[in-house]
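Analysis of the macromolecular model
Listed below, chain by chain, are the residues.
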Amino acid sequence: MKLKATAVALALAVMPTMGFAQCSWDKTPASTASTCPEGQTYDAPSGTCVTQATS
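Here is what the cut-offs are and how they apply
- Residues numbered from 1 in each chain as written.
- Predicted model: local features only at pLDDT ≥ 70, side-chain atom pairs only at ≥ 80, totals over all residues.
- Heavy atoms only, no water.
- Helix = DSSP H or I, 4+ residues; strand = E, 2+ residues; numbered from the N terminus.
- Buried < 20%, exposed > 50% of the residue type's maximum accessible area, 1.4 Å probe, protein only.
- Areas by Shrake-Rupley, 256 points an atom, 1.4 Å probe, with all protein chains shown as cover.
- Disulfide = S-S within 2.5 Å.

Right, let's talk about the overall build of the protein for a bit. A count of helices and strands for the protein gives one helix and two strands. In sequence order, the protein lays out its α and β elements as α-β-β. Taken over 55 residues, the protein has a buried fraction of 4%. Entry remark: accessible area of the protein is about 4,900 Å², with carbon and sulfur atoms responsible for 66%.

Rendered as structure tokens:
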């Protein structure tokens, strides 16, 4: 009985850690301003590099 209670307590203690680890993976953008090729800028809303408009 004590082993079962210890296993349940350990599982409950570890669950939030796994939740935090999972959430951080989705927040990394595919590209950033420093990875855009020359002549392009980073567009935050779309999360991609776009060609600069010349005026």
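With that settled, the discussion passes to the state of the cysteines. In the structure shown here, the tally under the stated rule is one disulfide. Bridging Cys36 to Cys49, the disulfide has an S-S length of 2.1 Å. Across the disulfide from Cys36 to Cys49, rotation about the S-S bond amounts to roughly -85 degrees, and the bridge is consequently left-handed. Of this pair, Cys36 sits in the loop between helix 1 (2-25) and strand 1 (40-43) while Cys49 sits in strand 2 (residues 48-51), and the two are 13 residues apart along the sequence. Accessibility expressed as a relative area gives 23% for Cys49, which makes it partly exposed.

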